[in-house]
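Each chain, written out:
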Amino acid sequence: MGTSTVNILLVEDDDVDVEAVRRGLKRQKIANPLTVAADGIEALAILRGEGDRTPLAKPFIILLDLNMPRMSGLEFLEALRADPVLSNSVVFVLTTSKDDEDKTQAYKQHVAGYIVKENVGTAFVDLVTMLDCYWRVVELPQ
């Protein structure tokens with residue numbers, strides 16, 4: 001992947017989970033830029049550079065909650081995959097849902113992984129460590 005900095009877009013409406021991810025990044029001494037969107041609508045605006053925003057710089061990884069107001073994570077995935085500019089985005093689902101239908105629908109939208117928050121528990125450090133290894137090894141779309 002070279003020396004490109006990987007941006008992280010966290011699409012999450014729960015402030016506690018947002019802070020847990022921030023703490024996990026800090027504990028692992030990962031200084032990658034973190035942008036937070038409270039729902040899918042805001043995330044799409046960030047990615048597309050709508051309004052006064054500059055589009056989120058590539059390469060980036062999206063961490064996506066499924067249960068959010070206004071636009072759910074699955075609705076976001078559908079819109080993301082339908083967008084020719086964003087369709088190849090790397091997305092990890094980070095959710096409380098253990099529902100098999102949610103997993104199936106997420107993988108049909110080509111997510112890179114499905115992580116249940118309960119499995120990660122309060123130790124988001126494991127998630128952050130995995131992501132750090134992932135973006136160091138895997139070539140991400142530019």
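The present account deals with the structure reproduced in this document. What you see is a predicted model, and the numbers here were worked out from it, not measured in a lab.

Focus on the sheet that holds strand β3 (residues 60-64)
- One open sheet holds the five strands; their spatial order is β2-β1-β3-β4-β5, and the pairing between them is parallel. At either end of the open sheet lies a strand with only one pairing partner, and these are β2 (34-37) and β5 (113-116). Looking at each pair of strands side by side, their axes are set apart by 20 degrees on average, direction ignored.
- Sheet topology places strand β1 (residues 7-11) next to β3; five bridges connect them, and they run parallel. Bridging from a neighbouring strand, I8 pairs with I61 of β3.
- Here helix α3 (residues 73-82) sits on the sheet and contacts β3 and β4 (90-95); the angle it forms with β3, its principal contact strand, is near 150 degrees.
- Docked against the sheet, helix α4 (residues 100-108) engages β4 and β5, running at close to 150 degrees with respect to β5.

Examining the packing of aromatic side chains
- Per the stated rule, a full pass over the model turns up one aromatic pair.
- Ring geometry for Y107 against Y114: centres 6.4 Å apart, planes inclined by 35 degrees, an arrangement best described as tilted.
- For Y107, a relative accessible area of 41% gives the class partly exposed.
- Residue Y114 is classed as buried on the basis of its relative accessible area of 13%.

Some words on the pattern of salt bridges
- The final tally for this structure, using the stated rule, is five salt bridges.
- The residue R22 makes a salt bridge to E19 at a minimum N-O spacing of 3.3 Å. On the criterion of helical spacing, the pair formed by R22 and E19 is a turn pair, its members being three residues apart in helix α1 (residues 15-27).
- For E19, a relative accessible area of 37% corresponds to the partly exposed category.
- For the salt bridge of R48 with D83, the shortest nitrogen-to-oxygen distance reads 2.9 Å. Remark: D83 occurs in the loop between α3 and β4 and R48 occurs in helix α2 (residues 40-48); sequence separation between them is 35 residues.
- Residue R48 is classed as partly exposed on the basis of its relative accessible area of 35%.
- With a relative accessible area of 12%, D83 lands in the buried category.

Procedures and definitions
- Residues numbered from 1 in each chain as written.
- Predicted model: local features only at pLDDT ≥ 70, side-chain atom pairs only at ≥ 80, totals over all residues.
- Heavy atoms only, no water.
- Pairing = 2+ DSSP bridges.
- Helix = DSSP H or I, 4+ residues; strand = E, 2+ residues; numbered from the N terminus.
- Axes fitted to C-alpha atoms, helices over the stretch in contact; angles between N-to-C directions.
- Contact = heavy atoms within 4.5 Å.
- Phe/Tyr/Trp six-rings, centres within 6.5 Å; stacked < 30°, edge-to-face > 60°.
- Buried < 20%, exposed > 50% of the residue type's maximum accessible area, 1.4 Å probe, protein only.
- Salt bridge = Lys/Arg side-chain N within 4 Å of Asp/Glu carboxyl O.

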